[in-house]
Amino acid sequence: MAEVFCPFDVGEEFRWLREHAPVSRIDLPSGAQAWFVTRQADARQVLTDGRFRSVDAARLMRPGTTDAGVAEPGPGVLLFMDPPEHTRLRRMLAGNFTVRRMDQFRPVVESIVTAQLDEMARRGGPVDFVREFALPVPSLVICELLGVPYADRAEFRRRTAAQVDLAMSEERAAALWAESTEYMARLVADKRAHPTDDLLGRLVAEHGHELSDAELSGIGIFLLGAGYETTANMLALGLLLLLRHPDQLARLRDAAVVDRAVEELLRYLTVVNNAAMRQAREDVEIGGQLVGAGEFVLVSLGSSNRDDAVYDRSDEFDIDRSPAPHLAFGHGVHHCLGAPLARLELQVAYPALLARFPDLRLAVPFEDLEYLPRTLVHGVRKLPVTW
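Residues numbered from 1 in each chain as written. Predicted model: local features only at pLDDT ≥ 70, side-chain atom pairs only at ≥ 80, totals over all residues. Heavy atoms only, no water.

### Some thoughts on the environment of arginine 44
Its location among the elements puts arginine 44 in helix H2 (residues 40-48). Judged by its relative accessible area of 23%, arginine 44 is partly exposed. Residues arginine 44 and glutamate 132, 88 residues apart in the sequence, show an inter-C-alpha distance of 37 Å. With residues near it in sequence (within four places) discarded, arginine 44 still touches Pro325, Leu327 and His331. (Helix = DSSP H or I, 4+ residues; strand = E, 2+ residues; numbered from the N terminus. Buried < 20%, exposed > 50% of the residue type's maximum accessible area, 1.4 Å probe, protein only. Contact = heavy atoms within 4.5 Å.)

Structure follows, in C-alpha cells:
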C-alpha cells in the first residue's frame, strides 16, 4: 500500500484483492504481519466475532513499535476495549449521542459553521479550506460538546493532529499521550469541583461514582481525538470530491438529498480506511482462510465499501444511488459512537458552505494537491479554494 495516494483512486487495487486474494498476508510497518480482509461479508464477520480481540492499529502501523501492538488499552479508551468493560463504558456514553441529543446540539454546530464561513469571507479567496474550515469546525464542535475551555483549544488541536501521525516515534507518541492525560486529568478535576452541562460534566454528575478519574480522562481524550481528525478530513475530502463532480455538487443544493449525499460521501471516501485491527483469540476461518490464534487481522473498511457484491457501480460516486448500509463508521460493538455527531456536522456544513459561496472552486490544479502520508485517516494536506 502506497504511503501517499489520492483516496479517490483505489478502486482497481481493491477490486483485484477482492476477486483474487480477499484474505491475504501483508507486512505492517511495525514488522508484524497481518491478514488483510477486503470483502464486506468477511469484514462484518471479523468485526462482530467475539473470537477476535480489539488491537491498537496505530501501534502496528508505526515503525519500530516493540510490543507488536498488543499493549493493554489505557483506562477509558473504548476503541481498543472489548466486552464487558467496553459495554459498561459505552452504556454510560450512549445517551449523549442519540438523535434527540444531536437535534438539541444542532444550533451549536450551525453557529460554529456560520462563524467559520464568516471568517473565510472576511479573509477573501483564495484560502486553505483545511486550515480555515475543515480543521477548526470539528475541533470547536467536540470542544463544545465535552466542555473544553476556549483558552485550551489551540493546544488541544496541536496534540490531536500529532497523535495520528504514524511517522512519529513511539517515544514522541508516548509523550503526547502523557501530555493529553495530564491536561484531561485537570479538566476532570475541575468538572468534579464545578459541574457543568456538557458531556464530561454530565458523566461526572451521573456516573462519577462509578468512573475513576483515570477512566474519565481516558474517555475525554478518546472522544476529543475520535471526533476531530476523522470529521476534519471528511469535510475536506468531501468538498474536493464534490468539486470534481459539479453535477453531484449541484444536486446537493437540494435540501431533500443532503442526508443521502452525506451517506454516499461517507461510503465512497471511507476516510478511516485501515484502522480496524483485530487479533484472533483462537483459530478462526475467514473467507475460506484459516487465521491462527494470535494472528492479526486488518479489515479494509475502504475496500468493503467498494464491494461489487453489495453496491451497484461501486467505484462510482453517485449521491442518487439507492441507500445501502456501509462500514464507514465500522460495525458491531465498535460501531462509531459519535456517528450521529459526524453526520450532523456534514449535513450542516456542506449546504451552508455552498449557499455562502455558490461559485466555490479549486484555486490550484487538482494534480498539484498533496495528500496526508502514513496516517490512519485519509486526508488532503491543503485544499486551496476561491470563489
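Picking up where we left off.
### A short note on the sheet that holds strand S2 (residues 33-37)
The strand order across the open sheet built from 5 strands is S1-S2-S8-S5-S3, with neighbouring strands paired in mixed fashion. For this open sheet the edge positions go to strand S1 (23-27) and strand S3 (52-54), each flanked by a neighbour on one side alone. Each neighbouring strand pair of the sheet contributes to a mean axis angle of 35°, computed without reference to strand direction. In the sheet, S3 pairs with strand S5 (residues 276-280) via 3 bridges, with the strands oriented antiparallel. (Pairing = 2+ DSSP bridges. Axes fitted to C-alpha atoms, helices over the stretch in contact; angles between N-to-C directions.)

### Some thoughts on the pattern of salt bridges
Scanning the entire structure with this criterion turns up 28 salt bridges. Note that arginine 15 is salt-bridged to aspartate 308, the shortest N-O span being 3.2 Å. Pair noted here: arginine 15 is in helix H1 (residues 11-20) and aspartate 308 is in the loop between helix H15 (301-304) and helix H16 (339-356), with a separation of 293 residues, a long-range link. Between glutamate 295 and arginine 25 there is a salt bridge, with its nearest N and O atoms 2.6 Å apart. Here the residue glutamate 295 occupies a position in the loop between strand S7 (289-291) and strand S8 (296-299), and arginine 25 occupies one in strand S1, the gap between them amounting to 270 residues. (Salt bridge = Lys/Arg side-chain N within 4 Å of Asp/Glu carboxyl O.)

### A short note on helix H14 (residues 258-269)
Here H14 is 12 residues long and its end C-alpha atoms lie 16 Å apart, about the 16 Å a rise of 1.5 Å per residue gives. Among the 12 residues of H14, 9 are classified as buried, and the element is accordingly described as predominantly covered. Among all positions of H14, only Val258, Ala261, Val262, Glu264, Leu265, Leu266, Arg267, Tyr268 and Leu269 are buried. Buried residues along H14 sit in contact with helix H12 (229-244) and H16. Among the residues trailing H14, threonine 270 stands out with phi positive, at a value near 40°. (Expected span 1.5 Å × (residues − 1).)

### Quick notes on the packing of aromatic side chains
By convention here, two paired aromatic rings are described through the distance between centres and the angle between planes. A complete count under the given rule lists 3 aromatic pairs for this structure. Arranged with centres 5.7 Å apart and planes meeting at 55°, the rings of tyrosine 268 and phenylalanine 317 form a pair that is tilted. Residue tyrosine 268 is found in helix H14, and its partner phenylalanine 317 is found in the loop between H15 and H16; the two are separated by 49 residues along the sequence. Seen from the ring of phenylalanine 366, arginine 244 lies directly overhead, with NZ or CZ sitting 3.7 Å from the centre. (Phe/Tyr/Trp six-rings, centres within 6.5 Å; stacked < 30°, edge-to-face > 60°. Lys NZ or Arg CZ within 6 Å of the ring centre and 35° of its normal.)

### Describing helix H7 (residues 136-146)
For H7, the tally of buried residues reaches 10 of 11 residues, placing the bulk of the element in the interior. The positive-phi residue at the C-terminal boundary of H7 is glycine 147, with phi of around 95°.

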